[in-house]
Amino acid sequence: TAVAGDGKVTLSWNPVSGATSYNIYWNISGVVKTSDNNIANVTPPHLHINLTNGISYYYIITAVN
């Protein structure tokens, strides 16, 4: 899930069995896993900050083992 706040988004997801961490890929015009905007080695929930209000953000979350 993604919950918007003032300049931030809280991302939450169900843990995957065997995952040691997760990567978050994000962009404002759609996103692919090769996106330059990658937040590596996170765990749920994750707070994505310093965002611009009124802009749509797109996310892909992948598990790392």
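Above this note sits the structure.
Residues numbered from 1 in each chain as written. Predicted model: local features only at pLDDT ≥ 70, side-chain atom pairs only at ≥ 80, totals over all residues. Heavy atoms only, no water.

(A) Structural detail: the overall build of the protein. Counting secondary structure elements, the protein contains zero helices and six strands. Listing every helix and strand of the protein by position from the N terminus yields β-β-β-β-β-β. The C-alpha radius of gyration of the protein comes to 12 Å, within 12% of the 11 Å expected for a compact globule of 65 residues. Overall size of the protein, expressed as C-alpha extent along the three principal axes, is 35 × 25 × 15 Å. Split into buried and exposed, the 65 residues of the protein put 29% on the buried side. Within the protein, contacts between residues separated by at least 24 positions form 60% of all contacts whose residues are at least 6 apart in sequence. A total accessible area of about 4300 Å² is found for the protein, and carbon and sulfur atoms account for 50% of it. (Helix = DSSP H or I, 4+ residues; strand = E, 2+ residues; numbered from the N terminus. Rg over C-alpha atoms; globule rule 2.2 N^0.38 Å. Buried < 20%, exposed > 50% of the residue type's maximum accessible area, 1.4 Å probe, protein only. Contact = heavy atoms within 4.5 Å. Areas by Shrake-Rupley, 256 points an atom, 1.4 Å probe, with all protein chains shown as cover.)

(B) Representation of the pairing of strand β3 (residues 21–27). Taken across its seven residues, β3 has six buried, putting it largely inside the fold. In this sheet, strand β6 (residues 58–64) lies alongside β3 in antiparallel orientation, the contact comprising seven bridges. Pairing of I24 across the sheet is with I61, part of β6. In the sheet, β3 pairs with strand β4 (residues 38–42) via three bridges, with the strands oriented antiparallel. Residue pairing across strands places I24 opposite I39, the latter belonging to β4. (Pairing = 2+ DSSP bridges.)

(C) Quick look at the sheet that holds β3. If you trace the three strands from one edge of the open sheet to the other, you get β4-β3-β6, paired in antiparallel fashion. At either margin of the open sheet sits one strand with a lone partner, and together these are β4 and β6. Shown here is a sheet whose adjacent strand axes are inclined to one another by a mean of 20°, direction ignored. (Axes fitted to C-alpha atoms, helices over the stretch in contact; angles between N-to-C directions.)

(D) Looking closely at the pairing of strand β1 (residues 2–5). The pairing of β1 with strand β2 (residues 8–11) spans four bridges and is classified as antiparallel. Bridging across to β2, V3 finds its partner in T10. Between β1 and β2, which pair antiparallel and follow one another directly, the connecting turn spans two residues, one of which, G7, has a positive phi of 75°.

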